[in-house]
Amino acid sequence: METHFCWKCQKEMPFLDENEWKKVSPLLRPSMQELRDYLTLHRCSLQVARSAVKTQVGIKFEQITGMSGIHFDTIYHHRRSDWGPVCGQCGLLLRTSKAKLCAQCWTVAEPEPVMPPPYKLPIKKSLVAALGLILLILLCGPWLLYAYGLSNITGSPEPAKIALISPENKALIWKELKEQGAIQVEVLTPYDIYSLLLDKPYPAGTCLAWYVARNYNHDHLQDRRMLYWHISGEALTVWLTRHWSSDELLAKALEIRQSKAKP
Ligand SMILES: [Zn+2]
Ligand SMILES: [Zn+2]
């Protein structure tokens with residue numbers, strides 16, 4: 001609610017904002033009927049009826065503005081949005097929302113600053129797109145790196161020639177490669193790259209598979225630059241855990257160790 005001088009009422013009057021108008025406007029027509037009913041019943045003058053009847057709209061207007069005894073015909077013209085801005089010269093309201101001139105002092109009204117529409121939706125959309133892209137990279141990235149890493153390796157490692165490996169040797173290799181817990185290689189997926197990046201403990205068998213992969217990649221890489229060496233190393237490590245059993249990996253590791261121990 002705002003208070004302004006009303007040229008129709010010739011005094012300071014409350015003007016209702018849109019929220020207040022929503023509460024008041026549905027009561028305007030019924031209140032007209034209340035006055036008509038009073039006139040029919042009492043056969044009095046309009047003036048008498050106006051002062052005698054307390055209409056619903058008058059009561060609501062009083063609740064909002066604190067001003068009593070105001071009738072619907074007056075309330076009708078006290079919706080703020082029907083009026084223009086305050087005149088910069090005399091301080092009165094311009095008489096309509098489209099008025100270009102103050103009817104009181106003839107000052108030309110300044111145009112209302114035009115606010116650019118809020119730029120919300122595209123930001124929301126591009127945020128969703130960016131999140132989608134990140135999700136896609138997180139989902140597909142490791143598989144693409146895995147595929148690329150493998151494609152950089154020529155051939156694939158041969159299983160060990162050692163047919164059987166004793167439990168003592170298994171335990172020895174497992175311990176020497178800094179593996180812990182039960183001797184069982186966990187099957188990795190390319191997503192395990194995240195646990196490597198996040199510095200989580202490696203899944204069981206990762207060091208063993210890495211040992212075998214590194215030994216093979218040593219002379220089977222097409223591109224040996226550091227980055228590709230890492231990508232292909234991780235790719236072959238994952239591949240070995242998926243295609244070789246724990247025993248095959250242990251036997252291969254033992255074979256590598258023995259071949260390196262030879263003078
Ligand atoms: Zn008025
Ligand atoms: Zn003016």
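Residue indices begin from 1 for each chain and proceed along its sequence in written order. Key to labels: chains lettered from A, ligands numbered from 1, both in the order written. Reporting of local features is limited, given that this is a predicted model, to residues whose pLDDT is at least 70; pairs of side-chain atoms are given and counted only at 80 or more, and all residues count toward the totals for whole chains, interfaces and linings.

A. Highlighting helix α11 (residues 246-261). For helices the rule is a DSSP run of H or I covering at least 4 residues; for strands it is a run of E covering at least 2, with both sets numbered from the N terminus onward. The span you would expect from a helix comes to 1.5 Å times its residue count less one. Over its 16 residues, α11 runs 22 Å from end to end, which matches the ideal 22 Å to within 8%, given 1.5 Å per residue. As a rule, residues whose C-beta atom has 12 or fewer other C-beta atoms within 10 Å are exposed, those with 20 or more are buried, and those in between are partly exposed; C-beta atoms are placed from the backbone. Inspection of α11 places L249, L250, A251, K252 and A253 among the buried residues, and these make up the whole buried set. A pair of residues counts as a contact when their C-beta atoms, built from backbone coordinates, are separated by no more than 7 Å. Taken together, the buried residues of α11 touch α7 (167-176), α9 (206-217) and α10 (226-243).

B. Representation of unusual backbone geometry within the structure. Positive phi outside glycine occurs at Q10, with the angle close to 60°. Looking at the secondary structure, you find Q10 in the loop between β1 (2-6) and β2 (11-15). The backbone of R43 sits at a positive phi, close to 50°, despite the residue not being glycine.

C. Structural detail: the pairing of β2. One ladder, built from five bridges, connects β1 with β2; its direction is antiparallel. Each residue of the ladder has a partner; that of C6, found in β2, is K11. Note on pairing: DSSP must find at least two bridges between two strands before they are called paired. Between β1 and β2, which pair antiparallel in sequence order, lie four residues; one of them, Q10, sits at a positive phi of approximately 60°.

D. The arrangement of the packing of helix α2 (residues 28-42) against helix α4 (residues 56-65) in detail. In this analysis, axes come from line fits to C-alpha atoms, helices being fitted only over the stretch in contact, and the angle between any two N-to-C directions falls in the range 0 to 180 degrees. Following both chains from N to C, one finds α2 and α4 inclined at 130°, their axes separated by 7 Å at the closest point. Viewed along their axes, α2 and α4 adopt a mutual orientation that is oblique. Where α2 abuts α4, its residues L28, P30, S31 and E34 lie against Q56, V57 and G58. Partitioning the contact of α2 with α4 into residue classes produces three nonpolar, three polar and one charged. Each angle receives one of four descriptions, namely roughly parallel if under 35 degrees, roughly antiparallel if over 145, roughly perpendicular if within 65 to 115, and oblique otherwise. Gly is placed with the polar residues, together with every amino acid not listed as nonpolar (Ala, Val, Leu, Ile, Met, Phe, Trp, Tyr, Cys and Pro) or charged (Asp, Glu, Lys and Arg).

E. Region of the structure containing the packing of α9 against α10. Look at α9 against α10: their axes get within 8 Å of each other, and the N-to-C directions meet at 120°. Considered as vectors, α9 and α10 are oriented oblique to each other. Of the two possible hands of crossing, α9 and α10 adopt the one that is right-handed. Two secondary-structure elements touch here, α9 through T206, A209, W210, V212, A213, R214, Y216 and N217 and α10 through S232, G233, L236, T237, L240 and T241. Handedness of each helix crossing follows the sense of rotation of the near helix against the far helix: counterclockwise by less than a right angle gives left-handed, clockwise gives right-handed.

F. Molecular detail of the nonpolar core. To count as a nonpolar core, a set of buried Ala, Val, Leu, Ile, Met, Phe, Trp, Tyr and Cys residues must be joined through C-beta atoms within 7 Å. Counting residues in each nonpolar core, the largest one holds 22 residues, and the members touching the most others are L208, A209, V212, L240, L249 and A253. Secondary-structure elements contributing two or more residues to this core are α7, α9, α10 and α11. Discounting chain neighbours no more than four positions away, the residues touching L249 are V185, G205, L208, A209, V212, L240 and W244. Formed by 10 residues, the second largest nonpolar core is a distinct cluster that contains F15, V24, W83 and L93.

Everything listed here is a matter of coordinates, which is why it stays silent on function.
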